[in-house]
Amino acid sequence: MLTKIKELWGVIRRFYLVHCRPEYVETKRKQRVGECSRCGDCCLLVVRCPFLEGKNECKIYSKRSEQCRMFPIDERDLEDCPTCSFRFVEDARSTSADTG
């Protein structure tokens, strides 16, 4: 039960970030590396997405919502979906600016 509550909070957090904090989402997107493996695991958080069919294939992949396109937004999302093929790397420009 606690896992589902945590996943639900993640859905709410991602909705808020995509719609209210686009600058944060864009900054994190630039730190994200990898490609979507289209495993569908992120589409099974809390409840099964109604657009999944067959072996977790998205029926609307090319037209999916912004919230779906941006998953994972940050490292916290990888905790909810550890099978995700994306990873985050620290932005080299911000690192050099912080130390310089």
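(A) Local environment of the pattern of salt bridges. One pass over the structure, following the stated rule, counts 11 salt bridges. The shortest N-O distance in the salt bridge between Glu 75 and Lys 28 comes to 3.1 Å. With a gap of 47 residues between them, Glu 75 in helix H4 (residues 75-80) and Lys 28 in helix H2 (residues 22-31) connect regions that are remote in the sequence. By relative accessible area, Lys 28 is classed as buried at 10%. One salt-bridge network, held together by shared partners, links Lys 6, Arg 13, Arg 14, Asp 74, Arg 76, Asp 77, Glu 79 and Asp 80.

(B) Just a nonpolar patch on the surface, in detail. A surface patch of nonpolar side chains, amounting to about 410 Å² of accessible area, comprises Met 1, Leu 2 and Ile 5. A relative accessible area of 79% means that Met 1 is categorised as exposed.

(C) Inspection of the environment of Ile 73 at higher detail. Along the chain, the position of Ile 73 falls in the loop between helix H3 (66-69) and H4. The exposure class assigned to Ile 73 is buried, which follows from its relative accessible area of 2%. Not counting chain neighbours up to four residues away, the residues in contact with Ile 73 comprise Arg 14, Leu 17, Val 18, Tyr 24, Val 25, Lys 28 and Phe 88.

(D) Region of the structure containing the packing of helix H1 (residues 2-20) against H2. One can describe the packing of H1 onto H2 by two numbers: an axis separation of 5 Å at closest approach and a directional angle of 100 degrees. Taken together, the axis directions place H1 and H2 in an arrangement best described as roughly perpendicular. The segment H1 lies against H2, with Leu 17, Val 18 and Cys 20 engaging Pro 22, Tyr 24 and Val 25. Class assignment of the residues belonging to the contact of H1 with H2 gives a composition of 6 nonpolar, no polar and no charged.

(E) Summary view of unusual backbone geometry. Here the residue pair Phe 71 and Pro 72 is connected by a cis peptide bond, since its omega of -5 degrees sits within 30 degrees of zero. Relative to the assigned elements, Pro 72 resides in the loop between H3 and H4. The phi torsion at Arg 38 lies on the positive side, around 55 degrees, for a residue other than glycine. Accessibility expressed as a relative area gives 44% for Arg 38, which makes it partly exposed.

Conventions we followed
What you see as residue numbers is a count from 1 along each chain, following the sequence as written. Per-residue local features of the predicted model are confined to residues with pLDDT of at least 70, and side-chain atom pairs are confined, for both listing and counting, to 80 or more; whole-chain, interface and lining totals are unaffected and use all residues. Calculated side-chain values reflect all of the structure's heavy atoms, with hydrogen atoms and water omitted. Counted as salt bridges are all cases of a side-chain nitrogen of Lys or Arg within 4 Å of a carboxyl oxygen of Asp or Glu. By the criteria applied, helices consist of DSSP H or I runs no shorter than four residues and strands consist of E runs no shorter than two, each listed in order from the N terminus. The cut-offs for exposure are 20% and 50% of the maximum accessible area for each residue type, with area from a 1.4 Å probe on protein chains only; residues under the lower value are buried, those over the upper are exposed, and the others partly exposed. Patch membership needs two things, relative accessible area over 30% and no salt bridge, and members are linked within 9 Å if like-charged or within 5 Å if nonpolar (Val, Leu, Ile, Met, Phe, Trp, Tyr). Areas reported here follow the Shrake-Rupley algorithm with a probe of radius 1.4 Å; residue values treat only the protein chains shown as occluding. Whether two residues are in contact is decided by their heavy atoms, any of which lying within 4.5 Å being enough. Every angle, taken between N-to-C directions, lies between 0 and 180 degrees, and every axis is a line fitted to C-alpha atoms, over only the stretch in contact when it is a helix. Angle categories are assigned with fixed cut-offs, so that under 35 degrees is roughly parallel, over 145 is roughly antiparallel, 65 to 115 is roughly perpendicular, and the rest are oblique. Polar here means any residue outside two lists: the nonpolar Ala, Val, Leu, Ile, Met, Phe, Trp, Tyr, Cys and Pro, and the charged Asp, Glu, Lys and Arg; Gly therefore counts as polar.

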